[in-house]
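Given next are the chains, with one letter for each unit.
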Amino acid sequence: MPGIRLIFMSPVLEPEKPFLVCDLDKGDSIPDPLTLFAIPEYDIHNVNEEGLFAIGGNINADNLEESYKWGIFPWFAYRDSDEVYWYCPRQRFVIFPERIHVSHSLRNLLNKGIYHITINQAFPKVIHNCRMVNGRDDNVGAWLGDDLENIFLELNRRGFAKSVELWEGDKLVGGFYGVWYKGVFQGESMFSLKPSASQIALILFCRSGIIDGQRIKFIDTQFETPTFKRLGGEYISYRKYRLLMDGEVCN
């Protein structure tokens, strides 16, 4: 349906109320969350602790390129939902490359010297593995369907979405993909065909320090997971997230 409806709880604790904030079909822009988060009546955490930002609107490469520049991402079960759910958590779980934690077991795997990474050399294979490995596409709540996969393939052709591949010799054994913008890698999904392969790919990516000649400021993992926490992930506010992205404050 046209338009994106923001979700908020009124200060007098009335039931959840949606209202139209923009109409993507008419060329409106997705609003800046920093502006909306300053409005007392707009409180996404009263509605959804994971950071539900808005519902509705259409989804295509242009809209996703715009939304990711604000740190807004779609996340919904594509088989079960007729509408797009957009998320923008106020507390972002991120990994700073210089602070990544490497466990003893992962260090042993790395010291074997059998793995290496490449950047954006096999994006179609990476995203398809992220969608299909271990029967993910058949799981309840699967979110990466044909439409979204094809949109990210287009974003990759534009240079906006990129992949990190982990190789053992000439065999692809793991990796991840996401959006690369202003020195921030907004991670979308990972896969492993060998134990801990995606974690090794992330560690080697952090150790590389750069992508397209630009320093990696941090990796946005979107949500906290036990794996990302073990790797040294931490929360920062959305405001700091944006300031770091724009280069206005130092980490």
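Preceding block: the structure.
Residues numbered from 1 in each chain as written. Predicted model: local features only at pLDDT ≥ 70, side-chain atom pairs only at ≥ 80, totals over all residues. Heavy atoms only, no water.

K.L.:
Hey, could you run me through helix α8 (residues 238-245) in this one?
P.N.:
Three or four residues apart is the spacing at which side chains of an α-helix point the same way, because the helix has 3.6 residues per turn. Among the residues making up α8, those that are buried are Tyr-238, Tyr-241, Arg-242, Leu-244 and Met-245. All buried residues of α8 fall inside an arc of 165 degrees around its axis, so they share one side. Positive backbone phi, at 75 degrees, marks Gly-247, one or two positions downstream of α8. (Buried < 20%, exposed > 50% of the residue type's maximum accessible area, 1.4 Å probe, protein only. Helix = DSSP H or I, 4+ residues; strand = E, 2+ residues; numbered from the N terminus. Arc of directions from axis to C-beta.)

K.L.:
In this structure, what is going on with the packing of helix α3 (residues 104-111) against helix α6 (residues 197-208)? I would like to understand it.
P.N.:
The angle between the axes and the distance between the axes are what describe a pair of packed helices. Running from amino to carboxyl end, α3 crosses α6 at an angle of 75 degrees, the nearest separation of the two axes being 11 Å. In terms of orientation, α3 lies roughly perpendicular with respect to α6. Across from Leu-106, Leu-109 and Leu-110 in α3, the residues of α6 making contact are Gln-199, Ile-200, Ile-203, Leu-204 and Arg-207. Here the residues of the contact of α3 with α6 are counted per class, giving 6 nonpolar, 1 polar and 1 charged. (Axes fitted to C-alpha atoms, helices over the stretch in contact; angles between N-to-C directions. Parallel < 35°, antiparallel > 145°, perpendicular 65-115°, else oblique. Contact = heavy atoms within 4.5 Å. Nonpolar A, V, L, I, M, F, W, Y, C, P; charged D, E, K, R; others polar.)

K.L.:
Explain the environment of Pro-33 here, please?
P.N.:
On the secondary structure map, Pro-33 appears in helix α1 (residues 33-37). A residue is classified by how much of its surface remains accessible, and Pro-33, at 0% relative accessible area, is buried. For the pair Pro-33 and Tyr-238, spaced 205 residues apart in sequence, the C-alpha to C-alpha distance is 8.9 Å. Contacts of Pro-33, omitting those with residues within four sequence positions, involve Phe-53, Trp-70, Ile-72, Cys-88, Tyr-238 and Arg-242.

K.L.:
Just checking my understanding: could you explain the packing of aromatic side chains for this structure?
P.N.:
The relation between two aromatic rings is expressed through the spacing of the ring centres and the mutual angle of the planes. Scanning the entire structure with this criterion turns up 16 aromatic pairs. Centre to centre, the rings of Tyr-68 and Phe-152 are 6.1 Å apart; their planes meet at 70 degrees, and the pair counts as edge-to-face. Of this pair, Tyr-68 sits in helix α2 (residues 61-69) while Phe-152 sits in helix α5 (residues 146-157), and the two are 84 residues apart along the sequence. By relative accessible area, Tyr-68 is classed as buried at 0%. (Phe/Tyr/Trp six-rings, centres within 6.5 Å; stacked < 30°, edge-to-face > 60°.)

K.L.:
I'm lost on the side chain of Arg-131 in this one. Help?
P.N.:
By secondary structure assignment, the location of Arg-131 is in helix α4 (residues 123-132). Looking at Arg-131, the relative accessible area reads 9%, which means it is buried. Those residues in contact with Arg-131, other than ones at most four positions away along the chain, are Tyr-78, Arg-136, Asp-137, Leu-144, Gly-145, Asp-146 and Glu-149.

K.L.:
How do you make sense of the nonpolar core when you look at a structure like this?
P.N.:
Inside soluble globular proteins, nonpolar side chains tend to come together where they are buried. Within the largest apolar cluster, 50 residues are counted, with the highest numbers of intra-cluster contacts made by Leu-64, Phe-152, Leu-155, Tyr-177 and Tyr-241. Top contributing element to this core by residue count: α5, with 5 residues. Setting aside its immediate chain neighbours within four residues, Leu-64 contacts Ile-59, Pro-74, Trp-86, Leu-148, Ile-151, Phe-152, Leu-155 and Phe-160. The next biggest cluster of nonpolar side chains, apart from the first, holds 27 residues, and it includes Ile-100, Tyr-115, Leu-204 and Leu-231. (Core = buried A, V, L, I, M, F, W, Y, C linked by side-chain atoms within 4.5 Å.)

K.L.:
What exactly am I supposed to notice about the environment of Phe-76 here?
P.N.:
Position of Phe-76 among the secondary structure elements: in the loop between β4 (73-74) and β5 (85-87). Along the chain, Phe-76 and Trp-143 lie 67 residues apart, while their C-alpha atoms are 5.5 Å from each other. Sequence-distant contacts of Phe-76, defined by excluding residues within four places in its chain, comprise Ile-59, Ser-81, Glu-83, Val-84, Tyr-85, Ala-142 and Trp-143.

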